[in-house]
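Each chain, written out:
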Amino acid sequence: MPDVSLRPLTDDEITALSAEQFDVYVAARVSAGEPESVAREIAGAQFAEFPAPGHRVHAIVDGGERVGSLWLGPGPNRRADVEWIYLVEVAPAFRGRGYGKAAVRLAEEDARAHGAVELTLNVFHDNTTARALYRSAGFEVRSEQMGKRL
């Protein structure tokens, strides 16, 4: 596993990540069956205050080089002892080398340091790579949402 660390993103990096992830998030919601207008409205509300208070957005760094991003913080359930992973993103050039798994390990350490006893996340069903990563890191499916286009 790579020897990686985290560093806070700079303001410029946060602005760029927000713009990039907004479009990625909208596309994922549309792929999951949501109309684009609804996906954009929901994403707009969720990204209006990025990062939200208490959230931490990090660069995943290996040897001084940024290989990805990690966003985590308190969850929507407002439990102080539960942290959420909102994003694990490894740059395409670095995928398949263990950086995702290393990032999840660092997210666990960060969450513990912030008083969490549990780490939670959402993942879209068609993101098979992420689902495999999270399963391999010990995450379990707790709920599943289903839909049918009429």
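Structural notes, computed from the coordinates. (Residues numbered from 1 in each chain as written. Predicted model: local features only at pLDDT ≥ 70, side-chain atom pairs only at ≥ 80, totals over all residues. Heavy atoms only, no water.)

Brief notes about the overall build of the protein chain
No. 1: When helices and strands are counted, the protein chain shows 4 helices and 5 strands.
No. 2: Along the chain direction, N to C, the helices and strands of the protein chain fall in the order β-α-α-β-β-β-α-β-α.
No. 3: What you see for the protein chain is a C-alpha radius of gyration of 15 Å, in line with the 15 Å of a compact globule of 150 residues.
No. 4: Projecting the C-alpha coordinates of the protein chain onto the three principal axes gives extents of approximately 50 × 35 × 35 Å.
No. 5: When the 150 residues of the protein chain are sorted by exposure, 38% land in the buried category.
No. 6: Pairs at least 24 residues apart make up 53% of the contacts formed inside the protein chain by residues separated by at least 6 positions. (Helix = DSSP H or I, 4+ residues; strand = E, 2+ residues; numbered from the N terminus. Rg over C-alpha atoms; globule rule 2.2 N^0.38 Å. Buried < 20%, exposed > 50% of the residue type's maximum accessible area, 1.4 Å probe, protein only. Contact = heavy atoms within 4.5 Å.)

Examining the sheet that holds strand E2 (residues 56–62)
No. 1: Read from one edge of the open sheet, 5 strands run E1-E2-E3-E4-E5, paired in mixed fashion. In this open sheet, the two edge strands, each paired with only one partner strand, are strand E1 (5–8) and strand E5 (118–121). Across the sheet, the axes of successive neighbouring strands diverge by a mean angle of 35°, strand direction being ignored. (Pairing = 2+ DSSP bridges. Axes fitted to C-alpha atoms, helices over the stretch in contact; angles between N-to-C directions.)

A short note on the nonpolar core
No. 1: In terms of nonpolar packing, the biggest core is built from 23 residues, with Leu70, Ile85, Val88, Tyr134 and Phe139 touching the most fellow members.
No. 2: Counting residues per element, the ones that place at least two in this core are strand E3 (65–74), strand E4 (82–90), helix H3 (99–113), E5 and helix H4 (128–136).
No. 3: In terms of residue count, the dominant contributor to this core is H3 (7 residues).
No. 4: When sequence neighbours within four positions are dropped, the list of residues in contact with Leu70 reads Leu6, Arg56, Val57, His58, Ile60, Ile85, Leu87, Val88, Ala103 and Ala107. (Core = buried A, V, L, I, M, F, W, Y, C linked by side-chain atoms within 4.5 Å.)

As for the packing of aromatic side chains
The description of an aromatic ring pair uses the distance of the two centres, along with the angle that the planes make with each other.
No. 1: Evaluation of the coordinates by the stated rule reveals 10 aromatic pairs.
No. 2: Between Phe47 and Phe50 the ring centres are 5.7 Å apart and the planes differ by 35°, which places this aromatic pair in the tilted class.
No. 3: A centroid spacing of 5.8 Å and a plane angle of 65° characterise the contact between Tyr134 and Phe139, whose relative ring orientation is edge-to-face. Accessibility assignment for this pair places Tyr134 and Phe139 in one class, buried. (Phe/Tyr/Trp six-rings, centres within 6.5 Å; stacked < 30°, edge-to-face > 60°.)

Describing the pairing of E5
No. 1: Direction of pairing for E4 relative to E5: parallel, over a ladder of 4 bridges. By the bridge assignment for E5, Ile85 is matched with Leu121.
No. 2: Handedness of the β-α-β unit built from E4, H3 and E5 comes out right-handed. (Right-handed = clockwise from strand over helix to strand, strands pointing away.)

Worth remembering: the numbers are spatial, not functional.
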